[in-house]
Amino acid sequence: MEQFFKLQDLGAIAPEIYLLLFGMILLIFDLLVKDKRVLGLIALAGIGMSGAFLFNLHGVDVEAYGGLLKVDQFAWFFKLIFLIAAALSIAISMRYLDIEREHHGEYYALILLAAMGMMFMAGAADLVTLYIGLETMAIGTYVLVGFLRSNQRSNEAALKYFLLGAFSSAILLYGMSLLYGVAGSTRFADIADALSRRPVDDPISLTALITLSAGMFFKIAAVPFHQWTPDAYEGAPTSITAFMSVAVKAASFAMLVRVFMGAIYPLRPEWTAILAAVSVLTMTIGNIAAITQSNIKRLLAYSSISHAGYVLIGLIAGNDTGMIAIPMYLLIYTFTNLGAWAIVVALRKRDVIGEHIDEMNGLFFRHPVAAILMLIFLLSLAGIPPTAGFIAKYFLFAAAIETGHNVLAVIAVLNAAVSLYFYLRIVVAMFMRDATEKTGLVLSPGVVTAMAVAFIFTMWIGLYPDPFIAMARQAVIVAY
Amino acid sequence: MDFFRTHILTIVAFWPVAGMLVLLFMNKENKSLIRWWANLVVISGFLISLPLWFWFDFENSDQMQFVVKAPWIQSLGVEYHVGIDGISLLLLLLTTLMGPLAVLSSWEAIDTRVKEYYAFMLMLQTGMLGVFISLDFFMFYVFWEVMLVPMYFLIGVWGGPRKLYAAIKFFLYTLVGSVLLLLGILALYFTYPNIAAQNPAIAAQFGTEPTFNVLAFHAIAPFLTATFQWWVFLAFFVGFAIKVPMFPFHTWLPDAHVEAPTAGSVILAAVLLKMGTYGFLRFSLPILPEGSKAFVPMMITLSIIAIIYGALVAMMQPDMKKLVAYSSVSHMGFVMLGMFALNPNGLNGSIIQQINHGISTGALFLIVGIIYDRRHTREIAQLGGLSNRMPVYATVFLIMTMSSIGLPLLNGFIGEFTIMMGALQENLWWAIAGGSGIVLGAAYMLWLYQRTMFGKLDNPANQNLPDMNWRELATLIPLIAMAFWIGLYPAPFFRALDKPVIKLVEKVRPGYLQGPQLNATAPQGAPVEAAGAAPDGAGETR
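The shown structure was predicted, so the numbers you read here are calculated from the model rather than taken from an experiment.

(A) Structural context of the overall build of chain A. Of the regular secondary structure elements, chain A holds 20 helices and two strands. In terms of overall size, chain A behaves like a compact globule, its C-alpha atoms giving a radius of gyration of 21 Å where 480 residues would be expected to give roughly 23 Å. Seen along its three principal axes, the alpha-carbon backbone of chain A occupies a region of about 65 × 55 × 40 Å. Burial analysis of chain A (480 residues in total) assigns 60% to the buried set. The long-range share in chain A, meaning contacts at least 24 apart out of those at least 6 apart in sequence, stands at 80%.

(B) Representation of the overall build of chain B. Looking only at helices and strands, one finds 26 helices and two strands in chain B. Relative to the globule expectation of 24 Å for 542 residues, the C-alpha radius of gyration of chain B, 22 Å, shows essentially globular dimensions. Principal axes of the C-alpha set define a box for chain B whose edges measure 75 × 60 × 45 Å. Sorting the 542 residues of chain B into buried and exposed places 59% on the buried side. The long-range fraction of contacts in chain B, counting pairs at least 24 apart against all pairs at least 6 apart in sequence, stands at 79%.

(C) Looking closely at the packing of helix α21 (residues 411-426) of chain B against helix α23 (residues 470-488) of chain B. Residues and elements named next belong to chain B. Relative orientation of the contacting elements α21 and α23 amounts to 45°, with a least axis distance of 6 Å. On the basis of the axis angle, α21 is oblique to α23. Contacts between α21 and α23 involve Asn411, Phe413 and Ile414 on the former and, on the latter, Ala483, Ile486 and Gly487. When the residues that make up the contact of α21 with α23 are grouped by side-chain class, the tally is four nonpolar, two polar and no charged.

(D) Inspection of the interface of chain B and chain A at higher detail. Contact residues are listed per partner, giving 23 residues for chain B and 24 residues for chain A. Going through the elements one at a time, α7 (137-146), α8 (148-158) and α9 (163-198) of chain B are the ones with two or more residues in the side of chain B that touches chain A. Of all the elements, α9(B) adds the most residues to the side of chain B that touches chain A, at 13 residues. Considered class by class, the residues forming the side of chain B that touches chain A number 19 nonpolar, three polar and one charged.

(E) View of unusual backbone geometry. That bond from Val223(A) to Pro224(A) is cis: its omega, 5°, falls within 30 degrees of zero. Inspection of the secondary structure assignment puts Pro224(A) in the loop between α9 (203-220) and α10 (228-235). Note that the residue after Val244(B), namely Pro245(B), is joined by a cis bond; omega there is -10°. Inspection of the secondary structure assignment puts Pro245(B) in the loop between α12 (226-243) and α13 (252-259). Backbone geometry places Asp201(A), a non-glycine residue, at a positive phi of 60°. You can see Asp201(A) is positioned in the loop between α8 (188-196) and α9. On the neighbour-count criterion, Asp201(A) (8 C-beta atoms within 10 Å) is exposed. Even without a glycine there, the phi angle at Leu342(B) is positive, about 55°. Inspection of the secondary structure puts Leu342(B) in the loop between α17 (320-339) and α18 (344-375). On the basis of neighbour count, Leu342(B) is assigned to the buried category, with 23 C-beta atoms found within 10 Å.

(F) Quick peek at the environment of Arg298(A). Residue and element names in this part refer to chain A. Note that Arg298 resides in helix α13 (residues 296-317). The exposure class of Arg298 is partly exposed, given the 19 C-beta atoms found within 10 Å. Distance in space between the C-alpha atoms of Arg298 and Arg258 is 30 Å, their sequence separation being 40 residues. Setting aside residues up to four positions removed in sequence, Arg298 forms contacts with Pro230, Tyr233, Glu234 and Gln293.

(G) Examining the packing of α7(B) against α9(B) more closely. All names here are of chain B. In the contact formed by α7 and α9, the axes pass within 11 Å of each other and the chain directions differ by 175°. The angle between α7 and α9 falls in the class roughly antiparallel. Between α7, through Phe137, Tyr141, Trp144 and Glu145, and α9, the contact on the second element is made entirely by Ser178, Leu182 and Ile185. Its residues assigned to classes, the contact of α7 with α9 comprises five nonpolar, one polar and one charged.

(H) Fine view of the pairing of strand β1 (residues 65-73) of chain B. Residues and elements named next belong to chain B. Inspection of the sheet shows β1 paired to strand β2 (residues 78-84) by six bridges, in the antiparallel sense. Residue pairing for β2: Ala70 is matched across the bridge by Tyr80. Linking β1 back to β2 in an antiparallel pair, the connection comprises four residues, with Gly77 at a positive phi of about 75°.

(I) Focus on helix α17 (residues 388-402) of chain A. When the terminal C-alpha atoms of α17(A) are compared, their 21 Å separation across 15 residues agrees well with the 21 Å that a helix rising 1.5 Å per residue should span. Just beyond α17(A), the residue with positive phi is Gly404(A), at close to 80°.

(J) Inspection of the confidence of the model for chain B at higher detail. Residue and element names in this part refer to chain B. When pLDDT is averaged along chain B, the result is 87, and 95% of the positions lie at 70 or above. Put simply, helix α26 (residues 526-541) is where chain B has its lowest mean pLDDT, 42, and α7 is where it has its highest, 93. Here residues 518-542 is a poorly scored stretch, pLDDT under 50, and it has 42 contacts once near neighbours within four places are set aside; other chains count. Model confidence for the complex is summarised by a pTM of 0.92, with the ipTM given as 0.92.

(K) Main features of α21(B). The end-to-end C-alpha separation of α21(B) is 24 Å, in line with the 22 Å expected for 16 residues at 1.5 Å each. Extensive coverage of α21(B) is indicated by the burial of 15 of its 16 residues.

(L) Quick peek at the environment of Leu101(B). Residues and elements named next belong to chain B. Its place among the elements puts Leu101 in helix α5 (residues 86-109). Judged by the 25 C-beta atoms lying within 10 Å of it, Leu101 is buried. Residues Leu101 and Leu186, spaced 85 residues apart in sequence, show a C-alpha to C-alpha distance of 37 Å. When near neighbours in sequence (up to four residues on either side) are disregarded, Leu101 contacts Val266, Thr475, Pro478 and Leu479.

(M) Region of the structure containing the environment of Ala189(A). Residues and elements named next belong to chain A. Within the fold, Ala189 resides in helix α8. For Ala189, a count of 16 C-beta atoms within 10 Å gives the class partly exposed. Along the backbone, Ala189 and Phe167 are 22 residues apart, and their C-alpha atoms lie at a distance of 27 Å.

(N) Region of the structure containing the nonpolar core. Judged by nonpolar contacts, the single largest core of 408 residues is most densely connected at Phe82(A), Ile111(A), Leu112(A), Ala115(A), Tyr329(A) and Phe397(A). Contacts of Phe82(A), omitting those with residues within four sequence positions, involve Ala115(A), Met118(A), Met119(A), Ala247(A), Ala250(A) and Ala251(A).

Cut-offs applied
Residues numbered from 1 in each chain as written. Chains lettered and ligands numbered in written order. Predicted model: local features only at pLDDT ≥ 70, side-chain atom pairs only at ≥ 80, totals over all residues. Helix = DSSP H or I, 4+ residues; strand = E, 2+ residues; numbered from the N terminus. Rg over C-alpha atoms; globule rule 2.2 N^0.38 Å. Buried ≥ 20, exposed ≤ 12 C-beta atoms within 10 Å, placed from the backbone. Contact = placed C-beta atoms within 7 Å. Axes fitted to C-alpha atoms, helices over the stretch in contact; angles between N-to-C directions. Parallel < 35°, antiparallel > 145°, perpendicular 65-115°, else oblique. Nonpolar A, V, L, I, M, F, W, Y, C, P; charged D, E, K, R; others polar. Pairing = 2+ DSSP bridges. Expected span 1.5 Å × (residues − 1). pLDDT = per-residue confidence, 0-100. Core = buried A, V, L, I, M, F, W, Y, C linked by C-beta atoms within 7 Å.

Written out as structure tokens, the structure reads:
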């Protein structure tokens, strides 16, 4: 057997190492520094360092740690998404945490450590790496959801999220143990190899598939395993909701792609059927539930559920277009959704919760620029050109049509039309109702920067997506 | 000048949005500056579109002209590809003409949130122009969707009492149609390389990579299987039929029209609806000839239902604007009837009737808007005897009523006559059904005119209504002039349409024009002569 640990392997995980290092530094500095905003800046510096090393790894395609970890373009692209999401979430957090009176250094450390866990998930080539990455991310997120210690909703959300998360992890582990039983190895390649030699309709493989997918559907909040999402999203600090809805979701999809296109690829005929059903349910129920929400956080939570349903189409198609579609969609969704969340964060003031749709009323008169940006983000979420959201949806629909999943495509586009209805409710409140709330927005430099970045990329990818498509094309992973 | 001539389409299309960007920097309190600026932009936009008429090569009106092609999203094969033939030329000029009139008509009617209003109007104008010049299906789709947003706001912010409902209904209806349209486009996109691989001639001209080039899709039409065409036609049908709107997808239209501000209704009726019919002409017919033929019975049935049903419902409306809106449904049924007669006369008439409908119905909405500005009601029962107080208004209204019901010497007659000829060549019953629509049209329009203009001026609220002012007259005079021009001398318009229509018929029904049955009735080029002769003949009988 080849040498397990080589020194150059450290270089391959430099981005992760820097996140860990800065996470530690933050914990120490938390004891020394009075102005907690400094810690936010340190965290951003850590992300910057990590990003610099990540850029160094562009184009690298190696297996590290004797095949436990893959450092390829797929992982690279997702790591980029995690860093962007973490950076933007931190940018919108700094002032927000002051308002919530819960400004502590661990917050930033936990975000960095969770992001590190995600990076391992995206690079996993082995069940053990995958699971450890997943738990690192999950435990960090549980704490972050309950970060508003004096807030009952936040506590409740954290407990729910924790219990259901632990439960789903257990189911996931059960599937993993079955796979280990089948293959005698935890490597994705070995598992795929063993599965391909099993008979068709092998009960053990199918049980493994079903438990494994159930566990993963929890993580991506797919119907019927989605009930935790609205509660967790509503109770969590808004900045963490933003982080969860993009980064945690993207990481879970990276895991899904790694496992489904790697370890259990031989079961593809079975899992496409499961995914297709789940995708249709997720899109439809997510959208329908969103229509009736009057709380913006819950509305966006349900909308994020339905978005997970769309992304599954990429996996069902399983061809090049579909594999481009998933990272593209998640990248675009990251910018767009964080932009929208940044505006929700800006609504929060000391005496205003800023979560009810009515609190958006007349935003256009109070702050036209913010309202127009929100309009653009919402149109992008609905997939209206020339915003980036259209390009994202385009790839998914194209993948479905290309592989002959016509019915799925029709259901998906009709859902896209339905989703416009509830996004427009926010637009109506912002532009067509009189302002009930007279005070302005809390526009800290961080929030403004996050909005600007989100806006620039939403329009850039919408109008000229070529460079991003090229990047996503490199990230296509070859199926087992 | 050379640059202008080469890129005229781009300049015409993006001129309004460029004006909008400047407008965004103006102080929103300075309403008159904003009004002047917006009017200046659209009027100059119309003027710079006029050279198209003179530079357009009518001898080759079936060829795409003023073509500009540049890569846009190369990895998807999307290009910035614009060009016009005779059909798009007319619709493009209709749009640049209606834009200024709609903007001008809003001068006094819109007094709240003026800056946003004009910004959306200008954005809308660019969106509509983009639709008519796009030769890349992706780009077409982008413009097609972009234009929904400003229209949504125009209805939703400046509309009537039920504006929110009407606005969202408009947006959702159209979006459902357009996303299905997108699936049809994608199906063509992925089929193209397979066909190009087997046909060196097509591959040599358009390449073997997937493409959104509309001309490439036109080229592969004969190689698409009937089942494929059937499904894609259905997808396109939903997208375009909702826009037209064809029965039974028309229910958004009365709501949108009634709630929209006058200018919104004018643009909606005059231009937006034409985007649907244009979609059928540019995409469904030439790309999916077999599919189109397979659906002729359905299309004709729906058109005839729309003609008669629209007319009957219009007759019963107590609200002037709603009446005109339902008359739109009826008239667009006519347009679709002519189109799916699938012969030169029917198609020529269909396209001319699209222009006519833009002029007449646009004008009628302006006319309704004028009375609404004065009385703040559109209820027919509230009006009556207005011709005593407002003679100029009554005259203009009369001309446009006559134009709408197809009186000879005016534009509506030319369109309806040519469509009826086309329908008659195919099936006597189609023509009879269409003819009954004309009769009903005359009934509801004349009845409307009688109830509002004639009779006693007994309602005290109507006693002191001022007649039209110069600005209102200015919005209507161009339309009156156009109505007479098309009515008296439509030859230039048919000259633009003749060749593209012949080409279209050859595509959909190969050999039809050489067929023995046609030589007896109408030789090639007949529609021009026939229609050109029609008003003269009619003039003599008067």
